[in-house]
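# Chain and residue survey
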Amino acid sequence: MKKLILKSLLYFFLILVILEVLVRVFHLGKDTPTRFLDDRQVEKWVPNQNGFNVTGNRRQNFSEFHINSSGFNSYREFTPTKNNIEVALIGDSFIEGFHQNYYNSIGKKAENALPGIEIYEYGYAGYDFADQLHLVHSYKKQFDLIDHLILGIKFSNDLTRGEYKVAKGRLALESPIHRLLKKSKLIVYCKSIGLLEPPQELMYRLINILKPKREVLPINDEEALRIRKENEKAYLANFKSLVAKYGYDKERYTLLLDSKITSPIFLSYLEKNDFNYIDFSQSFENTNRSTTLIYDRHWNNHGRELIAKLISKYIQKKDLKTK
Amino acid sequence: MLFNSLDFFIFLPIVFITYWFIFYKKNQVQNLFILSASYIFYGLWDWRFLFLILASTVVDFFVGQAIHSSDSDRKRKLWLWISVIFNIGLLGFFKYYNFFVDSWADLLSIFGYELKSTWTLQIILPVGISFYTFQTMSYSLDIYYKRLTPTKDFISFATFVSFFPQLVAGPIERASNLLSQITSKRVFNYTQCTDGLKLILWGLFKKVVIADSIAPIVDDIFANYGEYPASTLILGVSLFSFQVYGDFSGYSDIAIGTAKLFGIELMSNFKFPTFSRNVAEYWQRWHVSLSTWFRHYVYIPLGGNRVGKLKSIRNIIIIFLVSGFWHGANWTFIVWGAIHAALYIPVFLMGRNRIYMNNVVAENRWFPSIIEISQILLTFFLVTFSRIFFRSESITDAFGFLKQIYHNFTFESYSHPLGYRMIDYFILLALFVLYEFKIRRDERSPFKFKSKIVRFIIYTLVVLGMLLFYDDQIDRSFIYFQF
């Protein structure tokens, strides 16, 4: 019996070691860059990191990222000057673009279509509108040199708070235990394919086993509509609060949104109050090709091309002049 | 609790270690512990249906003794009928009640009588009912045929009925094999345990990598058969052949392997049916515990093949129809059984139904001959064709599927419903078939290689395969649970 247990453990350990090697050799697991909170309380990636992002069990999507010296994934450094024309794209993981090669990003595509204009991509997974305005506000001097800012916004996700606060949940991913676990590519790989979800769920079940179960009452259509309306009002109030707190230059700032999934109340508010926005819903609807990746909902190359086209057209129309 | 769930991978080591470290001293204690573990295993799915297992256990335990102690044939037969009626009654109510009501209503509607309110009920099919009722019935039948002496130990008998590795989807054991092992004290055997672990690993591979990874493709093709050309439909039903094999034989391997960990040898259920050279050989290799059950308890009592050609054919038709009906309360399964009867009868009439009983394809050779390859491909084609009925939701769907193949006989490349690379699956299946061919001589030793290094490499590749094809989004339950 002892022999069986010891030998099984030995085999188990050896298989894990070999799998760790195989995952590294075939690069099945993604590289996870390190994040940090800078002295201005802005969360970003530790500058100058390189690596590969992998999606799917069998490396179905494989892309290279490069964190520049400003702490964002980009093919270029951000050095705005008065003499050049620069455009900043600010947003979440869709702008960050880990799921694409950094040299084939939305910014790069737009830049190719806009000779003489530099595009800076300030994308960071999880950034909402509060994060975006806080970033611009914190690096005011730098952003004042940038000629135009485009801020990606998803109404239902990005306006849930009216004031910026550090997202401790994300930074907890840099705790010593997380950093230690990240050293094993096998663990990172298993996590990315969902293999670690059942143990996590089990832990959750065990923790909650003694807690009384909260009864979840079904919500009827009327109630759901009322909740939605309330949320929409709250999100609009958050937008107003953020704009008032961190400032918003209506001439220089433009929102990037999908009007199909944006509340009409919010859209009419934007129109009434002269907030400019680029709406990509029509472009996405008019194409008969998929605009998202297979493994997640991020834009694929075609989707990124459509976005880049819209941005470049918009910028051309703006006819930006140097400061 | 599914064999491929985390719950089972926590449950199994706990039960295994407790069994061999604490409850190993006496046979009765071993059995009481296994019985408790089995009831927990089943109760975690739905504790209410434990009463059904208990009822089936109690009835057959006492019926077995009554048959044995009865002095007249009439009484023996009466007790046997009590067992059969009770077990078939359980099955009939939980599995077939709605089918009979619906079929009756359909029949009446043919004659112009429309049943206003059908008497169908919302019945949940208790997992494993088709398996344990057949197992308990086999006990009473064996006693009736004087092949077995009943046990007086109720705990042992209850353990035989509810032994958790094979409780929910077989193999359907005979008391002569399983009960005799349960009534003897098990002693820890290192080799048996390692063999068990290897079978569990191989069974998991077949389930997680082969069956589960193919499932979304098969589901998509069968759900939208009207939109696809013949090439895709043929691909879909061919992949279903691999899916159902990987799913059920994977389950059986895990069951046999788990039983080995507790010192119990279950019968083999699958003997590489993919390499069958005719339909008769296929039935000697596919779901062996069920086909032998029908052979022993239906075919032979009806006279088997000793009653003349016509009656033998009748018997063949009966067992295939009953076997089809056992799978589910749907006409599709009955047609599936009828197709197999139609495929088996010519082989039987040509006297070729037993020629491959004791050998495997390419026996003592590395490669099969061209004739053998042709035979295997033809058998695979015929069996796969029958699976259109096995997999379709209804007879209308099955014929619709066939019609679509006929009317849209074109080739188009198929894209995975989730956008994955199809080539991955073709490579996977090709490697799987080649590997199964390599190990085809012994279904109970999937890693029989002399070199430890080769074995270790294969273990690692098997685990790597599970990682490469693991999908947390799909339904991981076993196909045969619905039966």
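Now for a look at the structure at hand. (Residues numbered from 1 in each chain as written. Chains lettered and ligands numbered in written order. Predicted model: local features only at pLDDT ≥ 70, side-chain atom pairs only at ≥ 80, totals over all residues.)

## Remarks on the overall build of chain B
Basically, it comes down to this: Segments assigned H or I by DSSP are reported as helices when at least four residues long, segments assigned E as strands when at least two residues long, and all are numbered from the N terminus. In this treatment the radius of gyration is a C-alpha quantity, and the globule benchmark scales as 2.2 Å times the residue count to the 0.38 power. Around each residue's C-beta, the other C-beta atoms within 10 Å are counted; 20 or more make the residue buried, 12 or fewer make it exposed, and counts in between make it partly exposed. All C-beta atoms are placed from the backbone. Any pair of residues counts as being in contact when their C-beta atoms, constructed from backbone geometry, are within 7 Å of one another.
Within chain B, the secondary structure is distributed over 18 helices and zero strands. Taking 2.2 N^0.38 as the reference for a compact globule, 483 residues should give roughly 23 Å; the C-alpha atoms of chain B span a radius of gyration of 23 Å, in line with that estimate. Residues counted as buried form 41% of the 483 residues belonging to chain B. The contacts in chain B between residues at least 6 apart in sequence include a share of 74% that link residues at least 24 apart.

## A closer look at the packing of helix 2 (residues 27-46) of chain B against helix 6 (residues 154-162) of chain B
All names here are of chain B. Going by this rule: Structural elements are reduced to axes, namely lines fitted to C-alpha atoms, with helices fitted over the stretch in contact, and the angle between N-to-C directions of any two is expressed from 0 to 180 degrees. Note on terminology: angles under 35 degrees are roughly parallel, angles over 145 are roughly antiparallel, angles of 65 to 115 are roughly perpendicular, and the others are oblique. Rotating anticlockwise by less than a right angle from the far helix to the near helix defines a left-handed crossing, while the corresponding clockwise rotation defines a right-handed one.
One can describe the packing of helix 2 onto helix 6 by two numbers: an axis separation of 9 Å at closest approach and a directional angle of 40°. What the angle tells us is that helix 2 and helix 6 run oblique. Two packed elements cross with a definite hand, and for helix 2 against helix 6 that hand is left-handed. Between helix 2, through Gln28, Asn31, Leu32, Ile34, Leu35, Ser38, Tyr39 and Tyr42, and helix 6, the contact on the second element is made entirely by Ile155, Ser156, Ala158, Thr159 and Ser162.

## As for the environment of B:Gly64
Note on placement: B:Gly64 falls in helix 3 (residues 50-69). Residues B:Gly64 and B:Ser238 lie 174 residues apart in sequence; the distance between their C-alpha atoms is 44 Å.

## Re the pairing of strand 6 (residues 117-123) of chain A
Residues and elements named next belong to chain A. To keep things clear, this is the line we draw: Any two strands with at least two DSSP-identified bridges between them are counted as paired.
Within strand 6, six of the seven residues are buried, leaving the element largely enclosed by the surrounding structure. Summarising the sheet, strand 5 (residues 85-91) and strand 6 pair through seven bridges and their orientation is parallel. When the sheet's bridge partners are listed, Gly91 is paired in strand 6 with Gly123.

## What to know about unusual backbone geometry
All names here are of chain B. Although it is not a glycine, Lys146 adopts a positive phi angle of roughly 60°. With respect to the helices, strands and loops of the structure, Lys146 is situated in the loop between helix 5 (129-144) and helix 6. With 10 C-beta atoms packed within 10 Å, Lys146 lands in the exposed category. Of note in this structure, Ala362 is not a glycine but carries a positive phi near 55°. Topologically, Ala362 is positioned in the loop between helix 14 (331-349) and helix 15 (370-391).

## Concerning the nonpolar core
Note the cut-off: For the purposes of this analysis, a nonpolar core is taken to be any set of buried Ala, Val, Leu, Ile, Met, Phe, Trp, Tyr and Cys residues that are connected through C-beta atoms within 7 Å.
Core analysis: the largest hydrophobic core is formed by 122 residues, its most contacted members being B:Phe160, B:Ile214, B:Val218, B:Tyr344 and B:Met466. Broken down by element, the residue count for this core peaks at 16 residues, all from helix 9 (residues 190-223) of chain B. Setting aside its immediate chain neighbours within four residues, B:Met466 contacts B:Leu204, B:Phe205, B:Val208 and B:Val209. Membership of the second largest hydrophobic core comes to 52 residues, among which are A:Leu89, A:Tyr120, A:Tyr253 and A:Phe280.

## Topic: the sheet that holds strand 6 of chain A
All names here are of chain A. The five strands are arranged 6-5-7-8-9 in an open sheet whose pairing can be described as parallel. Whereas interior strands pair on both sides, the edge strands pair on one side only; in this sheet they are strand 6 and strand 9 (277-279). Neighbour to neighbour, the strand axes of the sheet diverge by 20° on average, direction disregarded. Of the pairings in the sheet, the one linking strand 7 (residues 148-152) to strand 8 (residues 253-257) comprises four bridges and is parallel in character. Bridging across to strand 8, Leu151 finds its partner in Leu255. Of the strands in this sheet, strand 5, strand 6 and strand 7 touch helix 4 (residues 129-138), which is tilted by about 145° from strand 5.

## What to know about the interface of chain A and chain B
Which entries qualify depends on this criterion: Under the scheme applied, nonpolar residues are Ala, Val, Leu, Ile, Met, Phe, Trp, Tyr, Cys and Pro; charged residues are Asp, Glu, Lys and Arg; polar residues are all the others, including Gly.
With 20 residues of chain A at the interface, the matching set in chain B holds 21 residues. Listing elements by their share of the side of chain A that touches chain B, those giving two or more residues are helix 1 (2-25) and helix 10 (197-207) of chain A. Residue contributions to the side of chain A that touches chain B peak at eight residues, all from helix 1 of chain A. Of the residues belonging to the side of chain A that touches chain B, the class tally is 13 nonpolar, four polar and three charged.

## Observations regarding the environment of B:Tyr139
All names here are of chain B. By the secondary structure assignment, Tyr139 is in helix 5. The buried category is assigned to Tyr139, around which 28 C-beta atoms lie within 10 Å. When the C-alpha atoms of Tyr139 and Val58 are compared, they prove to be 12 Å apart, with 81 residues separating the residues in sequence. Here Tyr139 is in contact with Asp60, Gly64 and Ala175, once residues within four sequence places are set aside.

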